[in-house]
Amino acid sequence: MRRLLYLSVAAAVACVIPAATPAAADSSACTHHWSGPQVCIRMEGRNGWNAVTAIWTNPPKSTKSRKVWLTQDGSQVGGTQTARRQGKTLSYTWSSFQQGTDAKMCVHFKGINRVACDKTKYVGK
């Protein structure tokens, strides 16, 4: 009886796994300094199409907004934007666009010398 149960579970899993879609290539990265500004980048999407979010995780309470820009492989894209306070952080999200795969995306906040970067990824089938 136990063997029949294991075979049934194995058959069910075998049917579900091929129907699953590939995992998204969502990722994030932050600067790793123990003091001062902590800056992060979050990419949400797949196979070179991502929405990119810049996040300053520990701005002073008095800071309500800050200019921010995005670079791809060292060149600015999307113009300079304004990150606004969202609770305890400042953030701005660029809508999903095609960066390609293996592109180095970085976010820069005005007046902060720390930059957060991440690479786009390809998730195959």
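In what follows, the structure referred to is the one given above.
The residue numbering used here restarts from 1 in each chain and proceeds along that chain's sequence as written. Per-residue local features of the predicted model are confined to residues with pLDDT of at least 70, and side-chain atom pairs are confined, for both listing and counting, to 80 or more; whole-chain, interface and lining totals are unaffected and use all residues. To obtain the side-chain values, all non-hydrogen atoms of the structure were used and water was disregarded.

Structural notes on the packing of aromatic side chains
Here's step 1: Pairs were defined over the aromatic rings of Phe, Tyr and Trp, the Trp ring being its six-membered one, requiring ring centres within 6.5 Å. Orientation was assigned from the angle between planes: stacked under 30 degrees, edge-to-face over 60, tilted for the rest. Here the structure, examined in full by the defined rule, presents two aromatic pairs.
Here's step 2: When the centroid spacing of 6.1 Å and the interplanar angle of 55 degrees are considered together, the rings of Trp-56 and Phe-109 count as tilted. Taken as a pair, Trp-56 in strand β3 (residues 49-56) and Phe-109 in strand β7 (residues 104-109) lie far apart in primary sequence, 53 residues in all.
Here's step 3: We call a residue buried when its accessible area falls under 20% of the maximum for its residue type, exposed when it is over 50%, and partly exposed in between, using a 1.4 Å probe and counting protein chains only. Accessibility expressed as a relative area gives 4% for Trp-56, which makes it buried.
Here's step 4: Ring geometry for Tyr-92 and Trp-94: centres 4.9 Å apart, planes at 80 degrees, overall edge-to-face.
Here's step 5: Judged by relative accessible area, Tyr-92 falls into the partly exposed class, the value being 24%. Helix numbering and strand numbering both begin at the N terminus, where a helix is a DSSP run of H or I of at least 4 residues and a strand a DSSP run of E of at least 2.

Topic: the sheet that holds strand β1 (residues 27-30)
Here's step 1: Only strands joined by at least two bridges in the DSSP assignment are considered to pair. The eight strands are arranged β1-β2-β3-β6-β5-β4-β7-β8 in an open sheet whose pairing can be described as antiparallel. In this open sheet, the two edge strands, each paired with only one partner strand, are β1 and β8 (115-119). Pairs of neighbouring strands in the sheet enclose a mean axial angle of 20 degrees, with direction left out of account.
Here's step 2: Taken together, the four bridges between β1 and strand β2 (residues 39-46) define a ladder with antiparallel strand orientation. Among the inter-strand pairings, Ala-29 is bridged to a residue of β2, identified as Ile-41. Interaxial angle, 0 to 180 degrees, is taken between N-to-C directions of lines fitted to C-alpha atoms, where a helix line uses only the stretch in contact.

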